[in-house]
Amino acid sequence: MFKFVALAALCLAASFTMAGSYTLPPKPLSLSVRPDTDPACNIKGNISSPSGERIYYVPGQKYYDATRVNYSRGERWFCSETDARAAGWRKSKVQ
């Protein structure tokens, strides 16, 4: 059993070396960024309970302070309005 594990590890290491190097895939659009790690990422992506519509709020909008981001519901933070729109969210109509 030990020989098999050692051989598998050696083959895996060789494949990474032969490929040049291992690189991480690109990070999705501000999916995991939180304002406590990057203060510029302060746009709140919220999913409307009755309709399921994806709406984002920017600082200064009427419901920004009351809006909470709930990760378990698929809500998230964005670093720019461009990122939010590219992910399929729309800006809140309430100013």
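Residues numbered from 1 in each chain as written. Predicted model: local features only at pLDDT ≥ 70, side-chain atom pairs only at ≥ 80, totals over all residues. Heavy atoms only, no water.

Draft legend 1. Quick peek at the pairing of strand 2 (residues 54-57). Where strand 1 (residues 43-47) and strand 2 come together, four bridges link them in antiparallel fashion. The residue of strand 2 that forms the bridge with K44 is Y57. Counted along the chain from strand 1 to the antiparallel partner strand 2, the turn is six residues long, and its residue G52 has a positive phi close to 80 degrees. In the sheet, strand 2 pairs with strand 4 (residues 90-91) via two bridges, with the strands oriented parallel. When the sheet's bridge partners are listed, Y56 is paired in strand 4 with K91. (Pairing = 2+ DSSP bridges. Helix = DSSP H or I, 4+ residues; strand = E, 2+ residues; numbered from the N terminus.)

Draft legend 2. Local environment of the confidence of the model for the protein chain. Here the protein chain shows a mean pLDDT of 77. Residues at 70 or above account for 61%. Taken as a whole, residues 24-30 scores under 50 in pLDDT and shows nine contacts with residues more than four places along the chain or in a different chain. (pLDDT = per-residue confidence, 0-100. Contact = heavy atoms within 4.5 Å.)

Draft legend 3. Main features of the side chain of E75. As for its position among the elements, E75 is in the loop between strand 2 and strand 3 (76-78). A relative accessible area of 2% means that E75 is categorised as buried. Side-chain polar atoms of E75 contact the side chain of N46, separated by 3.1 Å. Here I47 takes part through its backbone nitrogen, which lies 3.0 Å from a polar atom of the side chain of E75. If sequence neighbours within four positions are ignored, E75 has contacts with G45, N46, I47, R68, V69, N70 and W89. (Buried < 20%, exposed > 50% of the residue type's maximum accessible area, 1.4 Å probe, protein only. Polar contact = N/O pair within 3.5 Å; in protein donor to acceptor, adjacent residues only side chain to side chain.)

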